[in-house]
Amino acid sequence: MSTRIKNITIVGGGLMGCGIAQIFAVSDDYKIIIYDKFTSEEAIRGRIKNNLNVFVENDIYSLEDVEKIQKNIRVETDIKSSVCHADLLIECVPENMELKQNLLAELEAYSRGDTIFATNTSVMSITEIASKTQLKNRVVGTHFWNPPYLIPLVEVVKAEETSDAVIEEVMQLLKTVGKHPIKVAKDVPGFVANRLQHALWREAISIVEHGIADAKTVDEAIKMSFGLRLPVLAPMENADMIGTDLTLDIHSYILKFLENSPEPSSLLKEKVEKGNIGFKSGEGFMQWSQEDIRKSRDDLTKHLIHMLYKKDN
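Residues numbered from 1 in each chain as written. Predicted model: local features only at pLDDT ≥ 70, side-chain atom pairs only at ≥ 80, totals over all residues. Heavy atoms only, no water.

### Here's the deal with the overall build of the chain
- Scanning the chain from terminus to terminus reveals 14 helices and 8 strands.
- For the chain, whose C-alpha radius of gyration is 21 Å, the value lies close to the compact-globule estimate of 20 Å for 313 residues.
- Summarising its shape, the C-alpha atoms of the chain cover approximately 60 × 45 × 40 Å along the three principal directions.
- Each of the 313 residues in the chain was classed as buried or not, and the buried ones make up 41%.
- Relative to all contacts within the chain whose residues are 6 or more apart in sequence, the contacts with residues 24 or more apart total 68%.
- As presented, the chain carries roughly 17,800 Å² of accessible surface, and 55% of it is formed by carbon and sulfur atoms. (Helix = DSSP H or I, 4+ residues; strand = E, 2+ residues; numbered from the N terminus. Rg over C-alpha atoms; globule rule 2.2 N^0.38 Å. Buried < 20%, exposed > 50% of the residue type's maximum accessible area, 1.4 Å probe, protein only. Contact = heavy atoms within 4.5 Å. Areas by Shrake-Rupley, 256 points an atom, 1.4 Å probe, with all protein chains shown as cover.)

In C-alpha cells, the structure reads:
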C-alpha cells in the first residue's frame, strides 16, 4: 500500500517533536514543518543538532547528512501556513487533556478535510483527545518512544471513530521511514507497551518497599536474567516455549503473591514528598552524582546504537 503523505507538520518543538521531525527529514521525500510559537528556532535547531551528533559520533551520519536533515525542516510560528497544506499533523504538546483537545480543534479549523491528525500521547485516551474535533475518523494515536529517533516502536492507536484507512496509511508511512509500528486495536490507558512497562515497575517498587531487595539489586536481577533475552524472547513466545500448561501452574501459585494495588506505592509517594525525585535531585531510589547521570544516559545511547546499527563507540 502506498501513502499519499508528503507534507508533515509537527506541532511542538520540544524533545519529542524535534526527535520525530528528524525521523522524516532524513528523506527528501517529505516536507517537514515544526510549528511552535513559544520556542525559538535557534533552540529547536539546537535540539535537533544535539540529537544528530549521536549519529555523527558513531559514523552513521556525515556532517553533510546533518546539514541536509536540518535543511529539510522548516520552523514556523504561523498556525495557518503551518497547517493548511499538511497531509499529516503530529501533535507533540505536554500531556494535558484540555490542551490537546483544544489544540486539535484549533488545528482542524485551518486544515484540509483529509488531513490526518496524530497525537503523540503516551497514556491518554485518543478518543477523549479527539472529542472536540468534527472529523473524528481522521484522529489517530501515534505513541513514539523516547528517544524517537532511536527507539523503533510506534504504537498506532485506534480511537473509537478512527477509520481503518487512516490506521493503515499511518502504519505504512511509519514502515517507510524505518519505524516498527504496532496496531493497538482498543483505546485503553497506557496502550500496550506502557501497560507492560508499568506492571513491571509496580512489582519492582513493591519488592523494594517490602524489604525483599534494595533498588540496585532489583535492577541487577532484571538486567542479568530475563532482561538479556527480552529482545529475542518476549513473554508470549516464552509462555509457549515453556508450555501454557506450565505457565498456568506457575501463575496458579505465584499471582496471588504479586503486587496488585491500583494505587501508587506509598514508598514512591514518600520519596516525591521528600523531594527525592531521581536524576533531577540527585536521589531517588538510588543516589546519583552528575557523573553517574551522564554515564547512565551515555550507556543507554551506546546500547541503542549498538542494538540498532551494530556500532561500537
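Alright, that's what it looks like, and here's the rest.
### Structural notes on the packing of helix α1 (residues 15-25) against helix α2 (residues 41-57)
- Relative orientation of the contacting elements α1 and α2 amounts to 60°, with a least axis distance of 9 Å. It follows from the interaxial angle that α1 and α2 lie oblique. Helix-helix and strand crossings are classified by hand; for α1 and α2 the assignment is right-handed. Judged by residue contacts, Cys18, Gly19 and Gln22 of α1 engage Ile44, Arg47, Ile48, Asn51, Leu52 and Phe55 from α2. (Axes fitted to C-alpha atoms, helices over the stretch in contact; angles between N-to-C directions. Parallel < 35°, antiparallel > 145°, perpendicular 65-115°, else oblique. Left-handed = near helix turned anticlockwise from the far one by under 90°.)

### Notes on the environment of Ala193
- On the secondary structure map, Ala193 appears in helix α8 (residues 193-209).
- Taking relative accessible area as the criterion, Ala193 reaches 17% and is therefore assigned buried.
- Sequence spacing of Ala193 and His143 is 50 residues, and the spatial spacing of their C-alpha atoms is 9.8 Å.
- If we skip the residues at most four places from it in the chain, Ala193 touches Trp145, Leu153 and Glu155.

### What about the packing of helix α11 (residues 235-242) against helix α12 (residues 244-254)?
- Between α11 and α12, the least distance of the axes is 5 Å, while the angle of their chain directions is 105°. Here α11 lies roughly perpendicular to α12, going by the angle between them. Two secondary-structure elements touch here, α11 through Ala239, Asp240 and Ile242 and α12 through Thr244, Asp245, Leu246, Thr247 and Ile250.
- When its residues are assigned to classes, the contact of α11 with α12 shows 4 nonpolar, 2 polar and 2 charged. (Nonpolar A, V, L, I, M, F, W, Y, C, P; charged D, E, K, R; others polar.)

### Some details on the sheet that holds strand β3 (residues 73-76)
- Read from one edge to the other, the open sheet built from 8 strands follows the order β3-β2-β1-β4-β5-β6-β7-β8, with strand pairing classed as mixed. Only two strands of the sheet have a single neighbouring strand rather than two, namely β3 and β8 (180-184). The sheet shows a mean angle of 25° between the axes of neighbouring strands, direction not considered. (Pairing = 2+ DSSP bridges.)

### A word on the nonpolar core
- The biggest cluster of nonpolar side chains holds 47 residues, and the ones touching the most others in it are Ile8, Ile10, Phe24, Ile32 and Ile90.
- The contacts of Phe24, once residues within four sequence positions are left out, are Ile8, Tyr30, Ile32, Ile90, Leu173, Leu174 and Val177.
- In this structure, Leu104, Ile129, Ala130 and Phe191 belong to the second largest nonpolar core, which totals 21 residues. (Core = buried A, V, L, I, M, F, W, Y, C linked by side-chain atoms within 4.5 Å.)

### Brief notes about the pattern of salt bridges
- Applying the stated rule across the entire model yields 14 salt bridges.
- We note a salt bridge from Arg74 to Glu76, for which the minimum N-O separation is 2.6 Å.
- The residue Lys158 makes a salt bridge to Asp164 at a minimum N-O spacing of 3.3 Å.
- Residue classification places Asp164 among the partly exposed positions, given a relative accessible area of 49%.
- Within the structure, one salt-bridge network assembled from shared partners comprises Arg4, Asp87, Arg112, Asp114 and Glu169. (Salt bridge = Lys/Arg side-chain N within 4 Å of Asp/Glu carboxyl O.)

### As for a nonpolar patch on the surface
- A cluster of nonpolar side chains, contributed by Met241, Ile242, Leu246, Ile250, Tyr253, Ile254, Leu255, Phe257 and Leu258, occupies part of the molecular surface with about 850 Å² of accessible area.
- Mapped by element, the contributors of at least two residues to the nonpolar patch are α11 and α12.
- Sort the elements by how many residues they give to the nonpolar patch and α12 lands first, with 4 residues.
- If you trace the backbone, Leu246 turns up in helix α12.
- Residue Leu246 is classed as partly exposed on the basis of its relative accessible area, which comes to 38%. (Patch = residues over 30% accessible without salt bridge, like charges linked within 9 Å, V, L, I, M, F, W, Y side chains within 5 Å.)

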